[in-house]
Amino acid sequence: MDTPIFAFFALAYLGLLLWGVALARRSGFATPANLPLLVVAALVYDNAIIALGGVIGEGRRWRG
């Protein structure tokens with residue numbers, strides 16, 4: 001049940017990231033106002049990994 005929710009969040013954050021990058025290209029990347037783009041990129045990554053984790057499932061335990 002959680003997999004579609006996290007997949008939706010990942011796609012929504014990806015849309016925001018692409019929109020933010022498009023706006024940043026107009027004004028230049030070297031401004032402090034573009035720092036939240038790093039947070040949004042991390043949210044895309046985090047939610048995508050959680051969504052894919054439900055699809056992949058658990059693996060074997062590693063014994064070192």
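Next up on the list: the overall build of the chain. Helix and strand counts for the chain come out as two helices and zero strands. In summary, the chain has a C-alpha radius of gyration of 16 Å against a globular reference of 11 Å for 64 residues, an excess of more than 25%. Viewed in the frame of its principal axes, the chain has a C-alpha envelope of about 50 × 30 × 10 Å. Looking at the chain residue by residue over its 64 residues, the buried ones come to 16%.

As recorded in UniProt, the feature "transmembrane region" (unreviewed entry) lies at residues 34-56. Helix makes up 91% of residues 34-56 and strand makes up 0%, while its end C-alpha atoms are separated by 34 Å.

Time to look at the packing of aromatic side chains. What describes a pair of aromatic rings is the distance from one ring centre to the other and the angle between the planes of the rings. For the structure shown, the criterion picks out two aromatic pairs. Here Phe8 and Phe9 contribute two aromatic rings whose centre-to-centre distance is 6.1 Å and whose plane-to-plane angle is 45°, an arrangement assigned as tilted.

Taking 1.5 Å per residue, 26 residues should reach 38 Å; helix α1 (residues 2-27) reaches 37 Å between its end C-alpha atoms and fits that length. All of the buried residues along α1 are Ala10, Leu17, Gly20 and Ala24. Tucked into the core, α1 has its buried residues touching α2 (36-56). Once α1 ends, the next one or two residues include Gly28, with phi positive near 100°.

By the element assignment, Asn47 lies in helix α2. Side-chain polar atoms of Asn47 contact the backbone oxygen of Leu43, separated by 3.0 Å. In contact with Asn47, not counting residues within four places along its chain, are Phe6, Phe9, Ala10 and Tyr13.

Definitions and cut-offs
Residues numbered from 1 in each chain as written. Predicted model: local features only at pLDDT ≥ 70, side-chain atom pairs only at ≥ 80, totals over all residues. Heavy atoms only, no water. Helix = DSSP H or I, 4+ residues; strand = E, 2+ residues; numbered from the N terminus. Rg over C-alpha atoms; globule rule 2.2 N^0.38 Å. Buried < 20%, exposed > 50% of the residue type's maximum accessible area, 1.4 Å probe, protein only. UniProt positions renumbered as here; feature names shortened; annotations may be inferred. Phe/Tyr/Trp six-rings, centres within 6.5 Å; stacked < 30°, edge-to-face > 60°. Expected span 1.5 Å × (residues − 1). Contact = heavy atoms within 4.5 Å. Polar contact = N/O pair within 3.5 Å; in protein donor to acceptor, adjacent residues only side chain to side chain.

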